[in-house]
Amino acid sequence: MPTPVSSARQCLTDEAARALDDAVAVARRRSHSQTTSLHAVSALLSLPTSTLRDACARARSSAYSPRLQFRALELCVSVSLDRLPSSKSKTPDDEPPVSNSLMAAIKRSQANQRRHPETFHLYQMHQQLNSSQSSLSCVKVELKHFILSILDDPIVSRVFGDAGFRSTDIKVAVLHPPPVSGFQKSMRFPPLFLCSLPDTNTNLSGFNFPFAVDQGEEDFKRIGQILAKKSSKNPLLIGVSADSVLAGFTDALKIGKNGFLPTEIEGLNVITIDKEICEFLVGNLSEDMMDLKLKEVRDKVESCTGCGVIVNFGELKLFVDGGSTGSVEHLVSQLSSLVQLCGGKLWLIGAVGSYETYMKILAKFPGLEKEWDLNLLPITSSKLNTNGSHLKSSLMGSFVPFGGFFPVPTELENSSSNTDQSKTRCSLCNEKYEHEVSVALKRGRTVSVADQQSMGLTSWLQVPESDTSKGSNVLEAKDHGGVFNALVAGLQRKWNDICHRLHHNQQNNPQITAGVPFPRHFPADPKRVEISSKDSNQEGFRNLSPSDQRDYQKTQHIQLTVTSEAENSLPQKPPVDFFAATKLASTTSSPTTSITTDLGLGTIYVSPDLEPRPHDHKARIQNFCGSASAEVDEMSTKFYEKDYKALYRALADKVGDQDGSIRAISQTISRCRTGNGIRHGSSHRRDIWLMFSGSDRVGKKKISTALAEVVFGSRESLIAIDLNFENQIRHPSSIFDRQSVNFCDLSFRGKTITDFIAEELSKKPRLLILLEHIDKADSVTQDSLSRAIRTGKLSDSRGRETRITDAIFVTTSSSSKEADLLSYSEERVLNARAFQMRILVESTIEPRSSSILLLPTQSTSRNPVISSKRKLIELGDFEIMVPAVKKSKSCFDLNLPVEETEESENSENGSVSETKEVWLEEFSDQVDEKVVFDPFDFDSNAETILKDIGICFQKSFGSNHTLEIENEVMIQILASRWLSDRKDAIRDWIDSILFTGFMESKQKLRVEADIENGSSSMVKLVAVEGVNVEDDGSCVYLPSRIMVK
Amino acid sequence: MGPSLLDALNVRVVGSGKKFLLLAHGLGTDQSVWSRILPYFRSHYKVILYDLVCAGSVNPDYFDFRRYNSLDAYVDDLLQILDSLGVDRCFYVGHSLSSMIGILAAIRRPELFSKLILIGASPRFLNDKDYHGGFEEGEIEKVFLAMEANYEAWVNGFAPLAVGADVPAAVREFSRTLFNVRPDISLFVSRTVFNSDLRGVLGLVKVPCCIIQTAKDVSVPTSVAMYLKEHLGGRNTVEMMNVEGHLPHLSAPALLAHHLNRALSR
């Protein structure tokens, strides 16, 4: 909303007010609806002895006559004014109100003046005078400052730019009266950027005069530079729009516009022969005519009195596409000789659309680049941008520097931010945050005129799209943009934090928060003002910078104040506040667990606990938990023994395998918890660091899960993170990829590993953090882990520290070497997928080479080819043939060319991995216990499984059929065995589900082909690619029903 | 002579390695965008950071609308920074606009660059006959109109799209830097970028390049990464990042650091 002229005038000194009146008059004369900065400029220029005119005269470029340049400036201003919309509705007598941008300029100059030391005492005097009278405290803007801030307006500086002025120069000239201007100017001159060009200074003054800024200008200059060279002086423009730049360049030369050329080659003549070349190459022009034309060129060069002739041969593409090879060759040689003969005075210029085309030509004429003395010039701008419409007044209207922090719902935002997370603050906190911003703003401006505005600050802040706000915001933007941004960011962070801590659960109840009308104005609260005043001194913002550690404490402090305040103001607020406040009491003590469940970690191993646990045992565990958490210091060694046994039994009960490891782990934990830690003698630190090495990834995880459950009471207390960055690509069907969080997980968006851990720990300090592949950790994670293990504090990337004293860190590395003899390596089983299975019956016996075969012993038709490649296990009525395994190489990254992977081995990669090893050694020296895991015995498990399947198969199909089990299926069953907590879960699955499948398929077989009775056929158990099984609980990652065909 | 270019563009050199690593930010951000990436490299490299002249952290007076109307002026700045720092060879990591600048700089002074790592790079944003740049000309005009009409609303809409709405902190960070840019400069540079077409000159790049492309990028379709790989003149690799967003250094810093590390060590 524009400001009435009268209130704008109040802010100005008489002199400036007169200028404003003139501007208003200009606007009225043109019947414009608002008075803008442009009107002001027009008015200021029209006075014969105006400061602005004077400044312009001093700042103008010396290349043009002053009269001409002022004329150009006036033209530019009037053209810009013509573009403004005129109002029809207003009566001509009305004063057009002051536009937002102009009002912003006035306020900017006010602030500027206030900051200026020479006027400061004046300002204070004013303030004292005014404070007694009214709240109307203001600085009267002097004309000088008024002009300065008008010049800051991009529209204005654009207009001046069009006329060949630099608004910065004019500003300097305005600021400094004539006698000292020379000196001052050099002090304040903007930096020279074109230093890499030899002719910097000539170019700086050579502004494109009078109006349009030619996009090609820069390109032309570059061409000029090449032309001025001694050797390889013939530019070949390369790029999609090279031809249009070439045309523009030659046209400009033809009309004698050559300001962009270095002086020594000014006045270059152009001869364009591209048409002739084109005609000649397609055959419309005879060779003689072409030669004649070239002769003409040569004559012209020889007779040329100026510095020379430039021959435009056009688009080089024609040399590839058009014409017979003979004519092209002829032409090329002709041009080459031309270059040789009249070297000094002749230039060639041409264009080529793409590098590929150029390469084709070079393939034909390898010597071309040298013979023609070419210099490739990349052309990248594709369009001539002549309309200059990129500066409109509407743009300024929207210049709201920190408006983005306000929750203005736009269509785009709504469409893209459907996730809960994007809305970080609940509306309550948001409102408080906005209020604080407004208070802070108010404080920053209590002495400015803005307070005169009839509208309350809070309301304009909350409706940032309204026009008034734009005007007043611009003021702040110019004055303390950085400061306010920092303030707003700080406040925002603060409230996000508060909201996160207090109202975290509220986000889950949008129906409660939505729809409740909030009061827009908060009662004045001295405490709150105090907080923001603390923030609004500049030092405060600096302290809010993320890396500063003190800042964290400070925010903490502020949060506390605010929290108590939230409780105080409880009765004044609508019911939803009550909800929040009650939350406040409960949530501060009990951390939320929503994130941990989101990760799905808790459900990984969930299988119904069928065996009832002995009662006394449970009690003992609880005893342990209690003692572990609270009365640690009082624990005696007697306790330790008891504790260790309880822990060991609880873990062994849950895990089953890895007995030795469990023993070691329970010992370490009991020792650390009772204060006998080897690493840190003091009992203050109770964080425990374990390193699991060896193989059996699943076993490590099982133990970690069990540990989380036993020590911290729930599986949700486990956070598992895979540090191996190579594992980032997951397959939806893969069994093991579902198991842990890694980089690509959504919870990692925008965070580093340590950020994530720190965040989780701050929510819930009693956690078990499982870091898989610690050997693959990046350097930053390494550093912060090292620091954490030394100090007991984990610092995130913002420098905030989180205490880790109640957590257990388990790190795993997989450095062990596997025995080659195994048929089923851990590596292979880790690739298992959870697919649906299907049973097929076929009469042709041609098993896949990777499959396992169960052959009837008495079968005479043993295929030697099959058996030669397989390991044989005799088993009752069957011979089990397990395919021999080829040792698989480590996987290749398909993105990389092969030769590069080899090269990388011996280059820097070596040193990087070396430092990683060194770090790992250091790190593992500091952990409380290193536990080496035994490899999981896949082979004997596979044997057991196959035996069970054999029995099952015999029961259903009898003993004269062959069973083929696909490798994928076998690996899937093995993976399931590995993951399952119960040893006989697989046998149960075979006896029930697989058996049912066999029986069903046998029945179908009877129905369909009774004839086949007696003759042996092959039963196949195959995986159905792409159909994933859901884990239904009966057996991990195995189908609950097998398809039969 | 006023403030030097190094001061004007806030050039910083941090870290203790032997080799130089230059991190160049894209449009709408400033060097602070690398703050999450920096810790990963400061122990192994001397990391050079600077602000493009169009960044919000640079005095807008230095932005000469006449000079910066093509990418070459930015290249001049970059090369001059390297020269005045006495850098004879460096790794160059450029995001978006800076990846274009890096390509052009490597054409002009190939000896300065041992490798270009281009994040969210595109030689041309507009679609063409047999080229899919991701934008139609009409769309671009609409975007420009939207920017002109209400910069604030545009930023509010664009930031979550570019970063990914699921990372509010990163969206805020991007919005902040985007807002710091004066709207007219932002618009002007956007026009410059959209008017640029590097397709013809890609073959002139002989420096090995690594193109890092996220799985979903609103500004750069995946096909562009393949186009770059095919047309850039040196040995090129493409690293696909299995995350979304045009600004992986904000939304997935740890992962990007890994990719950068991998690209740098090859």
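Treat the numbers as computed from the prediction; the structure is a model and nothing was measured. (Residues numbered from 1 in each chain as written. Chains lettered and ligands numbered in written order. Predicted model: local features only at pLDDT ≥ 70, side-chain atom pairs only at ≥ 80, totals over all residues. Heavy atoms only, no water.)

### Section: the overall build of chain A
When you go through chain A residue by residue, the secondary structure sums to 44 helices and 19 strands. Counting across all 1045 residues of chain A, residues that qualify as buried make up 52%. Considering only residue pairs separated by 6 or more positions, chain A has 79% of its internal contacts joining residues 24 or more positions apart. Total accessible area on chain A stands at roughly 46700 Å², and carbon and sulfur atoms take up 53% of it. (Helix = DSSP H or I, 4+ residues; strand = E, 2+ residues; numbered from the N terminus. Buried < 20%, exposed > 50% of the residue type's maximum accessible area, 1.4 Å probe, protein only. Contact = heavy atoms within 4.5 Å. Areas by Shrake-Rupley, 256 points an atom, 1.4 Å probe, with all protein chains shown as cover.)

### Considering the environment of Ser 84 of chain B
Residue and element names in this part refer to chain B. Mapped onto the elements of the fold, Ser 84 is located in helix H3 (residues 71-85). Using a relative accessible area of 42% as the deciding quantity, one classes Ser 84 as partly exposed. Separated by 79 residues in the primary sequence, Ser 84 and Leu 5 have C-alpha atoms spaced 9.1 Å apart. At 2.6 Å, the side chain of Ser 84 and the backbone oxygen of Gln 80 are in polar contact. (Polar contact = N/O pair within 3.5 Å; in protein donor to acceptor, adjacent residues only side chain to side chain.)

### Considering helix H2 (residues 14-29) of chain A
All names here are of chain A. The end-to-end C-alpha distance of H2 is 22 Å, a good match for the 22 Å that 16 residues give at a rise of 1.5 Å each. Listing the buried residues of H2 in full gives Ala 16, Ala 17, Ala 19, Leu 20, Ala 23, Val 24, Val 26 and Ala 27. Directly after H2, the chain includes Ser 31, whose backbone phi takes a positive value near 45 degrees. (Expected span 1.5 Å × (residues − 1).)

### Some remarks on the packing of aromatic side chains
Scanning the model with the defined rule gives 31 aromatic pairs over all chains in all. Seen from their ring centres, Phe 144 of chain B and Phe 194 of chain B are 5.7 Å apart, and the 75 degrees between their planes marks the pair as edge-to-face. Separated by 50 residues along the polypeptide, Phe 144 of chain B in helix H5 (residues 137-149) and Phe 194 of chain B in helix H8 (residues 183-195) bring together distant segments of the chain. Here the two residues Phe 144 of chain B and Phe 194 of chain B agree in accessibility, since each one is buried. Here a set of aromatic residues connected by ring pairs shows up, and it is made of Phe 63, Phe 65, Tyr 68, Tyr 74 and Phe 188 of chain B. Taking NZ or CZ as reference, Lys 233 of chain A lies 4.4 Å from the ring centre of Trp 347 of chain A, over its face. (Phe/Tyr/Trp six-rings, centres within 6.5 Å; stacked < 30°, edge-to-face > 60°. Lys NZ or Arg CZ within 6 Å of the ring centre and 35° of its normal.)

### Quick look at the sheet that holds strand E4 (residues 90-95) of chain B
Residues and elements named next belong to chain B. Read from one edge to the other, the open sheet built from 7 strands follows the order E1-E3-E2-E4-E5-E6-E7, with strand pairing classed as mixed. Unpaired on one side and paired on the other, strand E1 (12-14) and strand E7 (236-244) mark the two borders of the sheet. Each neighbouring strand pair of the sheet contributes to a mean axis angle of 20 degrees, computed without reference to strand direction. In this sheet, strand E6 (residues 209-216) lies alongside strand E5 (residues 113-119) in parallel orientation, the contact comprising 4 bridges. If you follow Leu 118 over to E6, its bridge partner there is Ile 211. Against the sheet, H3 touches E1, strand E2 (19-24), strand E3 (45-50), E4 and E5, its axis set at about 135 degrees to E3. (Pairing = 2+ DSSP bridges. Axes fitted to C-alpha atoms, helices over the stretch in contact; angles between N-to-C directions.)

### Focus: the packing of helix H4 (residues 51-59) of chain A against helix H5 (residues 66-83) of chain A
All names here are of chain A. Relative orientation of the contacting elements H4 and H5 amounts to 130 degrees, with a least axis distance of 11 Å. In terms of their interaxial angle, H4 and H5 are classed as oblique. Seen from above, H4 lies across H5 with right-handed handedness. Side by side, H4 and H5 meet where Arg 53, Cys 56 and Ala 57 of the first sit next to Phe 70, Leu 73 and Glu 74 of the second. Partitioning the contact of H4 with H5 into residue classes produces 4 nonpolar, no polar and 2 charged. (Parallel < 35°, antiparallel > 145°, perpendicular 65-115°, else oblique. Left-handed = near helix turned anticlockwise from the far one by under 90°. Nonpolar A, V, L, I, M, F, W, Y, C, P; charged D, E, K, R; others polar.)

### Topic: unusual backbone geometry
Residues and elements named next belong to chain B. The phi angle at Asn 10 is positive, at roughly 50 degrees, despite the residue not being glycine. Relative to the helices and strands, Asn 10 is located in the loop between helix H1 (5-8) and E1. The backbone of Ser 96 sits at a positive phi, close to 50 degrees, despite the residue not being glycine. The topology assignment puts Ser 96 in the loop between E4 and helix H4 (97-108). Residue Ser 96 is classed as buried on the basis of its relative accessible area, which comes to 11%.

### Focus on the sheet that holds strand E4 (residues 346-352) of chain A
Strand pairs in the sheet, formed through backbone hydrogen bonds, run parallel or antiparallel to each other. All names here are of chain A. Ordered by their spatial adjacency, 5 strands build an open sheet running E2-E3-E4-E1-E5, and the pairing between neighbours is parallel. Unpaired on one side and paired on the other, strand E2 (269-272) and strand E5 (374-378) mark the two borders of the sheet. Sheet twist, expressed as the mean angle between neighbouring strand axes with direction ignored, is 25 degrees. Sheet topology places strand E3 (residues 309-315) next to E4; 6 bridges connect them, and they run parallel. Looking across to E4, one finds that Val 311 is bridged to Leu 348.

### Focus on the confidence of the model for chain A
Residue and element names in this part refer to chain A. Looking at chain A as a whole, its pLDDT mean stands at 66, while 55% of the residues score no less than 70. Mean pLDDT across the elements of chain A bottoms out in helix H31 (residues 594-598) (32) and peaks in strand E11 (residues 808-812) (88). Low pLDDT (under 50) marks residues 504-636, which in the prediction has 195 contacts with non-local residues, meaning those over four places away or in another chain. Predicted confidence is poor over residues 887-909, with pLDDT under 50, and the contacts of this stretch with residues over four places away or in other chains come to 23 contacts. (pLDDT = per-residue confidence, 0-100.)

### What to know about the pairing of strand E18 (residues 1018-1028) of chain A
Residue and element names in this part refer to chain A. Pairing analysis gives 8 bridges linking strand E12 (residues 835-842) to E18, with the strands arranged antiparallel. The residue of E18 that forms the bridge with Glu 842 is Met 1018. Where strand E17 (residues 962-965) lies against E18, 4 bridges are found, and the strand directions are parallel. Note on E18: the bridge partner recorded for Glu 964 is Lys 1020.

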